[in-house]
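# Coordinate inspection notes
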Amino acid sequence: MAEQYQQFDILVIGGGMVGAAFTCACLGKGWRIALVETREPQRSWPPGEVDLRVSALNRASQRILERLRAWDRIAQLGASPYREMHVWDAVGGGSIHFDSAELGESDLGHIVENRVVQLALWERLEASPEVTLLCPAGLDDIELTADVALVDLKDGRRIAAHLLVGADGRDSRVRSRAGIATRGWLYDQQAIVANVRVQEWHRETAWQRFLPTGPLAFLPLVDGRCSIVWSVAESKAEELLALEEVDFRAQLQEAIDSRLGTIGEIGPRAAFGLRMQHAEQYVKHRLALIGDAAHAIHPLAGQGVNLGFLDAAALAAALVEAGDRSRDIGGLWTLRRYERARRGDNVLMLAAMDGFKRLFSNALAPLAAVRSAGLSTVDRLAPINPALAAE
Ligand SMILES: Cc1cc2nc3c(=O)[nH]c(=O)nc-3n(C[C@H](O)[C@H](O)[C@H](O)COP(=O)(O)OP(=O)(O)OC[C@H]3O[C@@H](n4cnc5c(N)ncnc54)[C@H](O)[C@@H]3O)c2cc1C
C-alpha cells in the first residue's frame, strides 16, 4: 500500500445519526475506524430551544440506541414520549388509534431532536480511542480495488480501508462515485416544519390528519408545544412559508381541524423537498450504503431514521460475524448478508409509505370511502395494532 494512505479497517463517510450509530456499533471489536463528516455537530443551544429537525424514534430505535449506550444521554438532553397515536382522514372520516397502554408499554416512542441524537452518539465516539474523527472534512473521490477502498478527501488526505461505508445522506457522493444508480421519483411536495403552541394539552399523542393536499402531523414535545410536519405541494409550500404568522396560524388550525384548540405562537418555519429514492444496490465489494444513502422515504409515518438504525445494526452484525469467522469484512459475501437482511424490509416500507401517500392524496369519493373503511377496519383489528405500532 502506498505510504501516503492512512490505513483503517472501516471508513465511514457521513457522521449524521445513522453513520454515527453505525460507528458506535463497531466499537470494541478491535477495528480501527475513521469517520469523515463535513459539519461539526452542534454542541450547545439555548436552554428550552427545540430545533426544527426532530424525529419520531420508535422503540426498536430506542433499543438500538440503548445498546450503543447513547440513550441515557439522549434522555438527559431531551426526549418527548408519545404514548398514543391518532390518525384520521379529512375526507372519508376513517380513523385509527394506537395506545401504548393497550400494548403493555409505557410509550410508543419518543420525539427527539436530530442534533440531540447525533451529539449523544458523537460523545461516545469522541471517548473512543479506536475512532479517528475527521471533521470538518469531505469526500472527494473513491476507488474500489480488490483489497481496499481508496478514498481521497477534499483537503488532499488519502485513506485506505478494508470497508467503506456510505452514510452520507440521500444525495450520497459515495453512492454516485461508486456508480450505484437509484430508482424513485420526486413527490413535488415539501414538508413544512415548525414548533407551535397549542391551546389544549397534546396528551402525549402523535396526531396526523390525511388531507387530499398531503398529511399533517402534530408531534408532542415535553414543553407542551407540538412539532409539525405539514406536507404540501411545492407551490402551496412557498405560499405558506411566505404568509404572515397570523395567516399561517389560521390555515394550520383549519388543516388540523382545530383538534388541539386554538393554535398559539409559531416559531420559525422551514421546508424540505420530499422524494422517494432507493439505491439499486446497497453493497459492492469493499462498499456498503446505509440510511438515507440507501433509501429516502416520505416522512408521513416518520420511518426514515428508524430504518437507518436497523441498517446500521444489521451491517455491524454482519461484520462481527465475519470477524468471528476470520472472513474479510469488506468482501461481497459478508456485505450481501447485510443487504439480504435489510433490503426486503426497506422495500416493503418504502412501497407502503408511497402507497399511503398516493391513496390519501386523492379526494375522489370512492377512494376516500375505501381508505376510511380500511383505517377503521385496522382500528378494530386489535391484534394488528401492536404489530403496526411496534415497528
Ligand atoms: C421533514 C422530515 C421529517 C422527518 N421525520 C422523521 C421521523 O419522524 N422519523 C424518522 O425516522 N425519520 C424522519 N425523517 C427522515 C430522517 O430525517 C432521515 O431518514 C435521517 O436524517 C437520515 O439520516 P442519515 O444519517 O442517513 O442521513 P443525514 O441525516 O442526511 O446525514 C448525512 C450526514 O453525512 C454528511 N455528509 C454528506 N455528504 C458528505 C461528504 N461528501 N463527506 C462527508 N460527510 C458528508 C452530512 O453532513 C450529514 O451529517 C424525516 C425527514 C424529513 C425531511
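Up top is the structure these notes are about.
Let us look at the structure shown here. Source: prediction; values computed, not measured. (Residues numbered from 1 in each chain as written. Predicted model: local features only at pLDDT ≥ 70, side-chain atom pairs only at ≥ 80, totals over all residues. Heavy atoms only, no water.)

## Description of helix α4 (residues 114-126)
Keep this limit in mind: Note on conventions: DSSP H or I runs of at least 4 residues are helices, E runs of at least 2 residues are strands, and numbering of each starts at the N terminus. Expected helix span is given by 1.5 Å per residue-to-residue step, counting one fewer step than there are residues. Using a 1.4 Å probe on the protein chains alone, a residue whose accessible area is under 20% of its type maximum counts as buried, one over 50% counts as exposed, and one in between counts as partly exposed.
Over its 13 residues, α4 runs 18 Å from end to end, which matches the ideal 18 Å to within 8%, given 1.5 Å per residue. With respect to burial, α4 is a largely interior element, 11 of its 13 residues being buried. Within the sequence span of α4, burial applies to Asn 114, Arg 115, Val 116, Val 117, Gln 118, Leu 119, Ala 120, Leu 121, Trp 122, Arg 124 and Leu 125.

## Overview of the packing of aromatic side chains
Selection rule: Only Phe, Tyr and Trp rings are paired, with Trp represented by its six-membered ring, and only when their centres lie within 6.5 Å; those with planes under 30 degrees apart are stacked, over 60 edge-to-face, the remainder tilted. Working rule: Lys NZ or Arg CZ, within 6 Å of ring centre, within 35 degrees of ring normal, means a charge sits over the ring.
Inspection of the entire model under this criterion finds 3 aromatic pairs. The interplanar angle of 55 degrees and the centroid separation of 5.8 Å between the aromatic rings of Trp 230 and Phe 248 together place this pair among those described as tilted. With Trp 230 in strand β15 (residues 226-233) and Phe 248 in helix α7 (residues 245-255), this residue pair connects regions lying 18 residues apart in the sequence. Per residue, the accessibility class of Trp 230 equals that of Phe 248, and both read buried. With centroids separated by 6.1 Å and ring planes inclined at 35 degrees, the aromatic side chains of Tyr 282 and Tyr 338 adopt a geometry described as tilted. Of this pair, Tyr 282 sits in the loop between β17 (270-279) and β18 (283-284) while Tyr 338 is found in helix α9 (residues 332-360), placing the two residues 56 residues apart along the sequence. Across this residue pair, the class does not change: Tyr 282 and Tyr 338 are buried. The ring of Phe 272 carries Arg 53 above its face, with NZ or CZ at 4.3 Å from the centroid. Positioned above the aromatic ring of Trp 88 is the side chain of Arg 259, whose terminal nitrogen or guanidinium carbon lies 4.0 Å from the ring centre.

## Overview of α7
We apply this condition: In this description, one arc is meant: the one made by directions from the helix axis to the C-beta atoms. By definition, residues are in contact when any of their heavy atoms lie within 4.5 Å.
Looking at α7, one finds that the buried residues are Phe 248, Leu 252, Gln 253 and Ala 255. Down the axis of α7, the smallest arc covering the buried residues is 160 degrees, so these residues share one side. In α7, the exposed positions that point more than 90 degrees away from the buried face belong to Val 246 and Glu 254. Residues of α7 that are buried sit in contact with β12 (182-198), β13 (205-211), β14 (214-220), β15, α6 (234-242) and β16 (263-266). The first or second residue beyond α7 is Asp 257, which carries a positive phi of 60 degrees.

## As for the site of the ligand
To keep things clear, this is the line we draw: Nearness of a residue to a molecule or strand requires only that one of the residue's heavy atoms be within 4 Å of it. Per-residue accessibility takes into account occlusion by the displayed protein chains alone, with areas from the Shrake-Rupley method and a 1.4 Å probe. Three residue categories are used. Nonpolar comprises Ala, Val, Leu, Ile, Met, Phe, Trp, Tyr, Cys and Pro, charged comprises Asp, Glu, Lys and Arg, and polar comprises the others, including Gly.
As a matter of local geometry, the ligand sits amid 30 residues, with Val 18, Glu 37, Ala 56, Asp 292 and Val 305 nearest to it. Here the ligand loses 86% of its free accessible area of 1000 Å² to cover by the protein chains. Of all elements in the fold, only α1 (17-25), β3 (54-58), β12 and α8 (304-324) reach the threshold of two or more residues within the shell around the ligand. The class makeup of the residues in the shell around the ligand is 14 nonpolar, 11 polar and 5 charged.

## Focus on the pattern of salt bridges
Short version of the rule: Each reported salt bridge corresponds to a side-chain nitrogen of Lys or Arg within 4 Å of a carboxyl oxygen of Asp or Glu.
All told, the structure shown has 22 salt bridges when counted by the stated rule. Of the charged contacts in the structure, one is a salt bridge between Arg 73 and Glu 123, with a shortest N-O distance of 2.6 Å. Of the two residues, Arg 73 is situated in helix α3 (residues 71-77) and Glu 123 in helix α4; the sequence distance between them amounts to 50 residues. Look at Arg 73 and you get partly exposed, because its relative accessible area is 28%. The salt bridge partner of Arg 342 is Asp 311, with a shortest N-O separation of 2.8 Å. A residue pair is termed long-range when its members are at least 10 positions apart, and Arg 342 in helix α9 and Asp 311 in helix α8 qualify at 31 residues. Pair check on accessibility: Arg 342 and Asp 311 agree, each one buried. Taken together, the shared-partner salt bridges in this structure form one network comprising Glu 40, Arg 43 and Glu 126.

## A word on a negative patch on the surface
As a reminder of what qualifies: Only residues whose relative accessible area exceeds 30% and that take part in no salt bridge are eligible for patches, with like-charged residues grouped when within 9 Å of each other and nonpolar side chains (Val, Leu, Ile, Met, Phe, Trp, Tyr) grouped when within 5 Å. The sign given to each residue is positive for Lys and Arg and negative for Asp and Glu; His and the chain ends receive no count. Charged side chains are reduced to one point each, which is NZ for Lys, CZ for Arg, CG for Asp and CD for Glu.
A contiguous patch of negative charge, built from Asp 188, Glu 234, Glu 238 and Glu 239, is present on the exposed surface. The element that contributes the greatest number of residues to the negative patch is α6, accounting for 3 residues. Within the secondary structure, Glu 234 is located in helix α6. Under the relative-accessibility criterion, Glu 234 is labelled partly exposed at 32%.

## A word on the nonpolar core
Let me state the cut-off plainly: Think of a nonpolar core as a cluster: buried Ala, Val, Leu, Ile, Met, Phe, Trp, Tyr and Cys residues, connected wherever their side-chain atoms sit within 4.5 Å.
Ile 10, Phe 22 and Leu 319 are the most contacted members of the largest nonpolar core, which has 75 residues in total. For this core, the element with the most residues is α8, which contributes 9 residues. Beyond its immediate chain neighbours, meaning those up to four positions away, Leu 319 contacts Ile 10, Phe 22, Cys 26, Trp 31, Leu 163, Ile 329, Thr 334 and Leu 335. Tyr 82, Ile 96, Phe 210 and Val 229 belong to the second largest nonpolar core, which has 26 residues in total.

## What about the pairing of strand β5 (residues 84-89)?
Filter applied, for reference: Note on pairing: DSSP must find at least two bridges between two strands before they are called paired.
When you tally the buried positions in β5, you get 5 out of 6 residues, the bulk of the element. Two strands pair when backbone bridges link them, and β5 and strand β6 (residues 95-99) are joined in this way by 5 bridges, in the antiparallel orientation. Across the sheet, residue Met 85 finds its bridge partner in β6, namely Phe 98. The turn joining β5 and β6, which pair antiparallel and follow one another in sequence, is formed by 5 residues; a positive phi near 90 degrees is taken by Gly 93. By the bridge criterion, 6 bridges tie β5 to β13 in an arrangement that is parallel. Within the sheet, the bridge partner assigned to Asp 89 lies in β13 and is Phe 210.

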